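# Descriptive structure summary
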There are 2 protein chains.
Amino acid sequence: MSELIGKLTKLLGDKGILLGSDVRLRDNGWGHPEPCEASAILRPKTTEEVSAALGLCNDAGHPVVPQGGMTGLVGAAIPAPGEIALSLERMSEIEEIDTATRTMTVQAGVPLQAIQQRAYEEGFLFPLDLGARGSCTIGGNVATNAGGNRVIRYGMTRDMVLGVEAVLADGTVLSSMTKVLKNNAGYDLKQLFIGSEGTLGIVTRIVLRLRQSPRSHNAAMVAVDSFDDVTRLLTIVDGGLGGNLSAFEVMWEDFYRLTTSEPAKSRPPLEYGHPFYVLVEALGSDQESDSERFESVLGEAMEQGLFEDAVVAKSRAERDTLWEIRDDIEQLDRNAPIFTFDVSLPIPDMPDYLAGIRQALGGRWDSPSMVVFGHLGDGNLHVVVGVGDASSRPDVEEIIYRPLQACGGSIAAEHGIGTEKRPYLGYSRSAAEIGVMRTLKSALDPNGILNPGKVLSADSEAMAH
Amino acid sequence: MSELIGKLTKLLGDKGILLGSDVRLRDNGWGHPEPCEASAILRPKTTEEVSAALGLCNDAGHPVVPQGGMTGLVGAAIPAPGEIALSLERMSEIEEIDTATRTMTVQAGVPLQAIQQRAYEEGFLFPLDLGARGSCTIGGNVATNAGGNRVIRYGMTRDMVLGVEAVLADGTVLSSMTKVLKNNAGYDLKQLFIGSEGTLGIVTRIVLRLRQSPRSHNAAMVAVDSFDDVTRLLTIVDGGLGGNLSAFEVMWEDFYRLTTSEPAKSRPPLEYGHPFYVLVEALGSDQESDSERFESVLGEAMEQGLFEDAVVAKSRAERDTLWEIRDDIEQLDRNAPIFTFDVSLPIPDMPDYLAGIRQALGGRWDSPSMVVFGHLGDGNLHVVVGVGDASSRPDVEEIIYRPLQACGGSIAAEHGIGTEKRPYLGYSRSAAEIGVMRTLKSALDPNGILNPGKVLSADSEAMAH
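Values in this document were obtained by computation on a predicted structure and should not be read as measured data.

Going from A:Ala336 to A:Pro337, the amide bond is cis rather than trans, its omega being 0°. Position of A:Pro337 among the secondary structure elements: in the loop between α11 (316-327) and β16 (339-344). Along the chain, B:Glu262 connects to B:Pro263 via a cis peptide bond; the corresponding omega equals 0°. Tracing the chain through its elements places B:Pro263 in the loop between α9 (253-259) and β14 (276-284). Positive phi values are uncommon outside glycine, yet B:Glu197 reaches one of about 55°. The topology assignment puts B:Glu197 in the loop between α7 (190-193) and β10 (202-209). Non-glycine residue B:Ser367 carries a positive phi angle of around 35°.

Rendered as structure tokens:
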């Protein structure tokens, strides 16, 4: 071990490696204030350094845990004691913005917000957006296939990536940094690294696809009285707004009350008393005519009796006010201790699913809290549960995850598996699927040094069909 | 061999297997009228039969070539003499259309056009569209990641597939038939089978994502005098039409002359004499206001001097007339014998690329023909070359493919590799990339029975960097 550390220090230099107390000064990221217990944190500056460092660790059979902005919610970037962490924090350069091909070439350690900002300055949109934008890095977004607020229009991170450079466990540099949209020349290898949480390779550089910057923004919040009407509203706005619908976010009333009442900053733009509050957003190309269309589509929905009360944002400030209600997830902590879940399932199955878990929670604990919101247009719900004590997590997890198996849902819509959801992978994946995941892992990382124990665990197949 | 055929006959029944002269009555698909030389054509009716058949072939180490509608252009579905073909033609059922989740569940052998039609009847759009729509099957579309006319708006087949069921070489059934849009529960295994041309598994069933049916259609053809103006026009219509731009097809003048002159059916809607003719299409949600917007965006481009002459379709019939000019690729045969290429490259590199190959062809042959058209919005060009004899193919291929290496282009934008482009894979992929492709192939098909020799050949790395 000390021999390996010696070689890595020689390779990366003093700035390129943290040891001892310097490691312990770091925590394990959001929600994990405990000190990092890695034996070292590597901070390579180039792909070549990542390659050489992985080669050394692979020869020594020593585990390596890749790290981005440490904002993940499932523990995928937390090293076990003695493992070596590899942070991309010094690979934080935007290498090129190519306006002709509408691409941006970046190193993995660039924060998402810096990419959004740079795209904006050049007249483009990089559509990925999530609450952690200021801290998360694009490498982490790619490794976890991050989703966020605009998936209904622009897809997930996977859909915004044209090229990837990744380093395999043995140090092989796999550079697929293409700028072309269409490339059927052999297997699409970048897919291996997108969403596999650093277990198949370490992403070092990325070619991102940029979009035209929208020239119009429209948003409204609508109070809806039944789930059926919520789904009808989705159909109407999706059809009526054509390709412009960019968000369809639903807040169940409990959530809406939390984020519009003291000590939250926001006040309710619509009266309480409705079971659902929907935030609809459209991005288009002409403010005047798009606003007309937006209001006319909402008017059509109102005429059909889908809602009685709505507020349409008339300015950027008013739009931001509506989004703040959706984004103020800190208010959820008022029910602490809480457990936060990220599931997806077919929209028609949602009412029964939620009623079932509400009943199960109520049957087991006195007055549990259950707050629901999500990217409904994508079939993605966030369910936040409080039962009064933090030690009940496994019991609550079982209640949340088990019913997803029957309806073909996912235990991880956008947050990934990491270590936290590992025991439940079999509820969303068959034994055959998990077997093929193991085959891929063995083929690409035969010594098992890359983020070992993440995504897959010894008994992942246990609950699979 | 006869033992294997005996077992397969017992498994699949008389209807499930073609032998001897029944095999020889079939050809090898589009452009390949020669009789099929497979030792048998299997016609399984279920995933279970595919699984059992592959298990038998794998045990015997016998090659199996999956077949869809036989409309591919690179030879990926043509069996070598003695290989066993496996056609999905009897798995042709649309199993379910689920309007609530906006998905369609289909067997691999359903023709694309049947899927488009069924979606349309239910008020949805399945946006994949290509000339072979009547004959090609969705399984083949998935296996080749087909592109087509609307990639700029809706992406390629990969972007329209939510779930896949595939059978591995050893008969393992890998069923990932999810209907949810977001699923980060472990590796996204379906990506392995999309675009890998049947070398990693045989796709048997698919869950397709449907879109809202558009309520407005607008199209125009524009004559443009410089390539710079073509790219400026793309920027203007993409920005101005917001999410509604669905096609940006460019015809170089040679192509336009071919498809608008005798014996072609179409007549030129715009005068000859311009180097580029662009077909612009938008799909939206309201005919009246979308038409206004469409004409105003084109007006803006005209004011900027990007073109002097345009024709805007005022009816469905007029739209169809414009598309017929783009789609009448049979006219290309007037220069027969011809070689057809499908490449992608960064748009700014196109003029130099085309000038370079034109010069190289002219330096080698007397008055060669070179006709160019393509999905320019996607960076995808089709280049059709005639040099007077059919035996010069390898020399022409070298001229077309080699320059793509320097500009990061792809030798196969949408048609795939098959056997035809195998020797040139190294121009678009590095030795490391091809090495990982081999690793995947060995891991998933250790006996090498699935479509052997397709995509990868013994010397694929030869020309790679």
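As for its position among the elements, B:Arg293 is in helix α10 (residues 287-303). Note on B:Arg293: relative accessible area 16%, which makes it buried. Polar side-chain contacts of B:Arg293 include one of 2.4 Å to the side chain of A:Ser289. The residues contacting B:Arg293, other than those within four sequence positions of it, are A:Ser285, A:Asp286, A:Ser289, A:Asp290, B:Gly240 and B:Leu241.

Taken together, the contact pairs 84 residues of chain A with 84 residues of chain B. For the chain A and chain B pair, buried surface summed over both sides reaches about 6300 Å², with 55% attributable to carbon and sulfur atoms. Summed over the shared surface of chain A and chain B, the number is 10 salt bridges. Notably, a salt bridge pairs B:Glu414 with A:Lys182, separated by 2.8 Å at the nearest N-O pair. Put simply, the parts of the chain that give the side of chain A that touches chain B at least two residues each are α6 (151-154), β9 (173-176), α7 (190-193), α8 (227-240), α10 (287-303) and α14 (431-444) of chain A. Among the elements that make up the side of chain A that touches chain B, the one with the highest residue count is α14(A) (9 residues). Its residues assigned to classes, the side of chain A that touches chain B comprises 32 nonpolar, 34 polar and 18 charged.

Let us now look at the packing of aromatic side chains. Residues and elements named next belong to chain B. A full pass over the atoms with the stated rule returns 18 aromatic pairs over all chains. Plain terms: the ring middles of tyrosine 256 and tyrosine 272 are 5.7 Å apart, the flat faces sit at 80° to each other, and that makes the pair edge-to-face. Linking tyrosine 256 in helix α9 with tyrosine 272 in the loop between α9 and β14, this pair joins segments that are 16 residues apart in sequence. The partly exposed category is assigned to tyrosine 272, whose relative accessible area is 29%.

To continue, consider helix α15 (residues 431-444) of chain B. Counted at 1.5 Å a residue, the expected span for α15(B) with its 14 residues is 20 Å, and the 20 Å between its end C-alpha atoms agrees. Regarding α15(B), the residues found buried are B:Glu433, B:Ile434, B:Val436, B:Met437, B:Leu440, B:Lys441 and B:Leu444. Projected down its long axis, α15(B) shows its buried positions confined to an angular sector of 160°, all on one face. The inward-facing, buried residues of α15(B) abut β9, α7 and α14 of chain A together with α7 and α14 (425-428) of chain B.

The subject of this paragraph is helix α12 (residues 350-364) of chain B. All names here are of chain B. Taking 1.5 Å as the rise per residue, α12 with 15 residues should run 21 Å; its terminal C-alpha atoms sit 21 Å apart, in good agreement. When we look at burial in α12, the residues that qualify are Met350, Tyr353, Leu354, Ile357 and Leu361. Taken end-on, α12 shows its buried residues confined to a sector of 90°, consistent with a single buried face. In α12, the exposed positions angled more than 90 degrees off the buried face are occupied by Asp352, Gln359 and Gly363. Packing partners of the buried residues in α12 comprise α8 (227-240), β13 (245-252), β16 (339-344), β17 (369-375), β18 (380-386) and α13 (393-407).

With that out of the way, let us pick up the pattern of salt bridges. Side chains that differ in sign of charge can pair as their charged atoms come close. Under the defined criterion, the tally for this structure stands at 58 salt bridges over all chains. A:Glu420 serves as the salt-bridge partner of A:Arg393, at 3.2 Å between the closest nitrogen and oxygen. Placement of the pair is A:Arg393 in helix α13 (residues 393-407) and A:Glu420 in the loop between α13 and α14, with a sequence separation of 27 residues. By relative accessible area, A:Glu420 is classed as partly exposed at 21%. Between B:Arg326 and B:Glu249 there is a salt bridge, and its shortest N-O distance comes to 2.7 Å. Residue B:Arg326 is located in helix α11 (residues 316-327), and its partner B:Glu249 is located in strand β13; the two are separated by 77 residues in the primary sequence. A cluster of three or more residues bridged by salt bridges with shared partners is formed by A:Arg26, A:Arg43 and A:Glu89.

Our focus in this paragraph is the relation of the copies chain A and chain B. A rotation about an axis combined with a shift along that same axis relates the two copies of the chain. Once chain A is rotated about the relating axis by 180° and shifted along it by 0.0 Å, it coincides with chain B to within an RMSD of 0.0 Å. Accordingly, the operation relating the two chain copies is best matched by a two-fold axis. Closest approach to the rotation axis within chain A is made by the C-alpha atom of A:Gly243, at a distance of 2.3 Å. In this assembly, 100% of the residues forming the interface of chain A have copies in chain B that are likewise at the interface, indicating an isologous arrangement.

Take the nonpolar core next. One finds A:Phe248 and B:Phe248 to be the most contacted residues of the largest nonpolar core, which totals 218 residues. Not counting residues up to four positions away in its chain, the partners in contact with B:Phe248 are B:Ile152, B:Val230, B:Leu233, B:Leu234, B:Val237, B:Val278, B:Leu279, B:Val280, B:Gly374, B:His375, B:Leu376 and B:Gly377. Counting residues in each nonpolar core, the second largest holds 22 residues, with A:Ile5, A:Leu54, A:Val167 and A:Ile202 among its members.

Let us now look at the sheet that holds strand β10 (residues 202-209) of chain A. All names here are of chain A. Across the sheet, 5 strands lie side by side as β5-β6-β10-β8-β9; this open sheet has antiparallel pairing. Either end of the sheet is taken by a strand with one partner, and the two such strands are β5 (94-98) and β9. When strand polarity is set aside, the average angle formed by the axes of neighbouring strands in this sheet is 10°. Looking at chain direction, strand β8 (residues 161-167) and β9 are connected through 4 bridges and run antiparallel. Along β9, the bridge assignment pairs glutamate 165 with serine 175.

Glancing now at the sheet that holds strand β1 (residues 17-19) of chain B. Backbone hydrogen bonds are what pair the strands of a sheet, in a parallel or an antiparallel way. All names here are of chain B. Ordered by their spatial adjacency, 4 strands build an open sheet running β1-β2-β4-β3, and the pairing between neighbours is mixed. Strands with a single pairing partner mark the edges of an open sheet, and in this sheet they are β1 and β3 (64-67). The mean inter-strand angle of the sheet, taken between neighbouring strand axes irrespective of direction, is 20°. Pairing between β1 and strand β2 (residues 40-42): 3 bridges, direction antiparallel. Residue pairing in the sheet places leucine 18 in a bridge with isoleucine 41 of β2. Of the strands in this sheet, β1, β2 and β4 (84-87) touch helix α1 (residues 2-12), which is tilted by about 140° from β1.

Conventions used here
Residues numbered from 1 in each chain as written. Chains lettered and ligands numbered in written order. Predicted model: local features only at pLDDT ≥ 70, side-chain atom pairs only at ≥ 80, totals over all residues. Heavy atoms only, no water. Helix = DSSP H or I, 4+ residues; strand = E, 2+ residues; numbered from the N terminus. Buried < 20%, exposed > 50% of the residue type's maximum accessible area, 1.4 Å probe, protein only. Polar contact = N/O pair within 3.5 Å; in protein donor to acceptor, adjacent residues only side chain to side chain. Contact = heavy atoms within 4.5 Å. Buried area = accessible area lost by both parts, 1.4 Å probe. Salt bridge = Lys/Arg side-chain N within 4 Å of Asp/Glu carboxyl O. Nonpolar A, V, L, I, M, F, W, Y, C, P; charged D, E, K, R; others polar. Phe/Tyr/Trp six-rings, centres within 6.5 Å; stacked < 30°, edge-to-face > 60°. Expected span 1.5 Å × (residues − 1). Arc of directions from axis to C-beta. Least-squares fit on C-alpha atoms with pLDDT ≥ 70 in both. Core = buried A, V, L, I, M, F, W, Y, C linked by side-chain atoms within 4.5 Å. Pairing = 2+ DSSP bridges. Axes fitted to C-alpha atoms, helices over the stretch in contact; angles between N-to-C directions.

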